[in-house]
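Here is how the chains run, residue by residue.
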Amino acid sequence: MPLVLIAGVLLAAATVSAAELEYRAAHGEGTMGTFTATDLDCSGRGPCRWEGVFESAARTRQDAWIYGYEPLDLSEGDRVPALDAGHDVKVFRPGHYDWPGVLLLSVLSLAALLLPAYLLRRALRKHSPQPPGSGHRVRPSG
C-alpha cells in the first residue's frame, strides 16, 4: 500500500506540472517560434507525432516535437508556427493543447491516491468486531 500511495503522490505532482503547461498553452502564454518537421515518429504506444526543430528569437531546440498536428497534416520540411509553453521538448500548435492527456493523468493519480484509503478502510472493516445483531438476518418465509 505505501508504494501505491507514493506512486499516487508522484502522479499527482506530474499532473499538476502537466496541467500548468497545458494551461499556459491554452492561453497562448510562452514563446512563439517556428517548428520545422523533420521526422514522423510512430514508434511509441500512442499516436504518431512530428519531431523536428523549434526556433525562436531566444533559442533553437533540435529535439522538439509538436502537439496539435495529425500525421497527414505535415510533411517533412514543413515550417509551421509553434508555441513553447515551457515543456522540455514539446511545443504546441497555437490554439491547441493536450487536455485529454491531463484528464487521463488526473484520473490515474486520483485512483492511485484513493486506492490505499479504500483498501485500508476495507481491511479495518473486515477485522473490526461486529456488534451483536448487526449481521444479516434471515426472515422466515410465509
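Asker: Could you clarify how one ought to interpret the overall build of the chain in this entry?
Answerer: Counting its secondary structure elements, the chain contains 2 helices and 5 strands. Secondary structure elements in the chain, listed N-terminal to C-terminal, are α-β-β-β-β-β-α. Within the span of the chain, comprising 142 residues, buried residues form 25% of the whole. Long-range pairs, those at least 24 residues apart, make up 60% of the contacts in the chain with a sequence separation of at least 6. Carbon and sulfur atoms provide 60% of the accessible area of the chain, an area that totals close to 10,000 Å².

Asker: How do you make sense of the nonpolar core when you look at a structure like this?
Answerer: Most often, soluble globular proteins have nonpolar side chains that are buried together. Counting 11 residues, the largest nonpolar core is built from Phe35, Ala37, Trp50, Phe54, Ala64, Ile66, Tyr69, Leu74, Val80, Ala82 and Val91. Of all the elements in the fold, those that place two or more residues in this core are strand 1 (31–41), strand 2 (49–55), strand 3 (60–67) and strand 4 (79–84).

Asker: How should the side chain of Asp41 be read in this particular structure?
Answerer: Mapped onto the elements of the fold, Asp41 is located in strand 1. Salt bridges are absent for the buried Asp41, whose nearest opposite-charge side chain, Arg49, sits at 4.4 Å.

Asker: Sorry if this is basic, but what is going on with the environment of Val53 here?
Answerer: Locating Val53 in the fold gives a position in strand 2. Considering only alpha carbons, one finds Val53 and Ala64, 11 residues apart in sequence, at a separation of 5.6 Å. Apart from residues lying up to four places away in sequence, Val53 is in contact with Thr34, Phe35, Thr36, Thr38, Thr60, Arg61 and Gln62.

Asker: Can you help me understand the side chain of Ser56 in this one?
Answerer: Turning to its location among the elements, Ser56 is positioned in the loop between strand 2 and strand 3. Using a relative accessible area of 16% as the deciding quantity, one classes Ser56 as buried. The residues contacting Ser56, other than those within four sequence positions of it, are Thr31, Met32 and Gly33.

The rules we used
Residues numbered from 1 in each chain as written. Predicted model: local features only at pLDDT ≥ 70, side-chain atom pairs only at ≥ 80, totals over all residues. Heavy atoms only, no water. Helix = DSSP H or I, 4+ residues; strand = E, 2+ residues; numbered from the N terminus. Buried < 20%, exposed > 50% of the residue type's maximum accessible area, 1.4 Å probe, protein only. Contact = heavy atoms within 4.5 Å. Areas by Shrake-Rupley, 256 points an atom, 1.4 Å probe, with all protein chains shown as cover. Core = buried A, V, L, I, M, F, W, Y, C linked by side-chain atoms within 4.5 Å. Lys, Arg positive; Asp, Glu negative; His and termini not counted. Salt bridge = Lys/Arg side-chain N within 4 Å of Asp/Glu carboxyl O.

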